[in-house]
Amino acid sequence: MADDALKQLYNDRVMALARDIPRQERLQTPDATVQQVSPLCGSRITIDLKLQQDRVSDYGQTVRACTLGQAAASILARHVIGRSSAELHRVRTEMQAMLKEGGPPPGPPWEDLEVLLPARGVKSRHGSVLLAFEAVVKALDQIEAERSGGT
């Protein structure tokens, strides 16, 4: 990868987000806990999530990921509280489309995710960027299944 492309990918904002990841405390009594691993790069995240009336009421995470995965987890953690299950599913889908199909980044309040646009051209990093979003959606689906009497 050329130096210019690396500078775009690992820009100052991405580096700052990766250094300052909020909500790194695990929850004592989560409604769901999910560990997600990117098989390509080995990045991993464990999230704890509490849901109250279809909105995230608490969130904790342990992030062991590359810089891009850390930055994505940092942005997610800044906005996840108070968000509905439907919104979080939509944001995950929009992030997938942004990276894999050339779609636009998610809109407000998720506009910080635009900083990850340079990862679009680095397919080996897509899994890491999506890690936190995939984990949250999996946790939401587990909670919904449990509450509806499924497995």
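Up top is the structure.
Before going into details, it helps to say that this report is about the structure given with it.

Calculation criteria
- Residues numbered from 1 in each chain as written.
- Predicted model: local features only at pLDDT ≥ 70, side-chain atom pairs only at ≥ 80, totals over all residues.
- Heavy atoms only, no water.
- Helix = DSSP H or I, 4+ residues; strand = E, 2+ residues; numbered from the N terminus.
- Buried < 20%, exposed > 50% of the residue type's maximum accessible area, 1.4 Å probe, protein only.
- Contact = heavy atoms within 4.5 Å.
- Areas by Shrake-Rupley, 256 points an atom, 1.4 Å probe, with all protein chains shown as cover.
- Lys, Arg positive; Asp, Glu negative; His and termini not counted.
- Charge placed at Lys NZ, Arg CZ, Asp CG, Glu CD.
- Pairing = 2+ DSSP bridges.
- Polar contact = N/O pair within 3.5 Å; in protein donor to acceptor, adjacent residues only side chain to side chain.
- Salt bridge = Lys/Arg side-chain N within 4 Å of Asp/Glu carboxyl O.
- Axes fitted to C-alpha atoms, helices over the stretch in contact; angles between N-to-C directions.

What about the overall build of the protein?
Then comes step 1: When helices and strands are tallied, the protein shows 5 helices and 3 strands.
Then comes step 2: Overall, the C-alpha framework of the protein stretches about 50 × 30 × 30 Å when taken along its three principal axes.
Then comes step 3: Within the protein, the fraction of its 151 residues that count as buried is 44%.
Then comes step 4: The long-range share in the protein, meaning contacts at least 24 apart out of those at least 6 apart in sequence, stands at 60%.
Then comes step 5: Summed over its atoms, the accessible surface of the protein is roughly 7,700 Å², and 46% of this surface lies on carbon and sulfur atoms.
Then comes step 6: Averaging the coordinates of the 19 positive side-chain charges in the protein and doing the same for the 19 negative ones gives two points 3 Å apart.

Some details on the pairing of strand β3 (residues 55-64)
Then comes step 1: Pairing of strand β2 (residues 44-52) with β3, which is carried by 9 bridges, proceeds in the antiparallel orientation. Paired with Lys50 across the two strands is Asp58, which belongs to β3.
Then comes step 2: With antiparallel pairing between neighbouring strands as the criterion, β2 and β3 make up a hairpin whose turn holds 2 residues, including Gln53 at a positive phi of roughly 50°.

Description of the side chain of Ser128
Then comes step 1: The topology assignment puts Ser128 in helix α5 (residues 126-147).
Then comes step 2: Accessibility expressed as a relative area gives 0% for Ser128, which makes it buried.
Then comes step 3: Side-chain polar atoms of Ser128 contact the side chain of Ser43, separated by 3.3 Å.
Then comes step 4: At 3.4 Å, the side chain of Ser128 and the backbone nitrogen of Gly69 are in polar contact.

Quick look at the environment of Pro109
Then comes step 1: You can see Pro109 is positioned in the loop between α4 (85-100) and α5.
Then comes step 2: When the C-alpha atoms of Pro109 and Arg78 are compared, they prove to be 9.9 Å apart, with 31 residues separating the residues in sequence.
Then comes step 3: Among all residues touching Pro109, those that are not within four sequence positions of it are His79, Arg83 and Glu87.

Quick look at the pattern of salt bridges
Then comes step 1: Across all of its chains, the model carries 9 salt bridges by this definition.
Then comes step 2: Between Arg13 and Asp112 there is a salt bridge, with the nearest N and O atoms lying 3.5 Å from each other. Separated by 99 residues along the polypeptide, Arg13 in helix α2 (residues 12-19) and Asp112 in the loop between α4 and α5 bring together distant segments of the chain.
Then comes step 3: The class for Arg13 is partly exposed, based on a relative accessible area of 40%.
Then comes step 4: Judged by its relative accessible area of 26%, Asp112 is partly exposed.
Then comes step 5: A salt bridge links Arg90 to Glu94; the nearest nitrogen and oxygen atoms lie 3.0 Å apart. Pair noted here: Arg90 and Glu94 are both in helix α4, with a separation of 4 residues, about one helical turn.

Concerning the side chain of Gln61
Then comes step 1: Looking at where Gln61 falls in the secondary structure, it is placed in strand β3.
Then comes step 2: Polar side-chain contacts of Gln61 include one of 3.0 Å to the backbone oxygen of Pro22.
Then comes step 3: Excluding residues within four positions of it along the chain, Gln61 makes contact with Ile21, Pro22, Arg23, Gln24, Glu25, Arg26, Ile45, Thr46, Ile47, Ala73 and Ala77.

Remarks on the sheet that holds strand β1 (residues 32-37)
Then comes step 1: Across the sheet, which stays open at both edges, the 3 strands sit in the order β1-β2-β3 with antiparallel pairing between neighbours. Strand pairing shows two members of the sheet lacking a second neighbour, β1 and β3, which therefore form its edges. With direction set aside, neighbouring strand axes in the sheet form an average angle of 20°.
Then comes step 2: α5 contacts β1, β2 and β3 of the sheet and is inclined by roughly 40° relative to β2.

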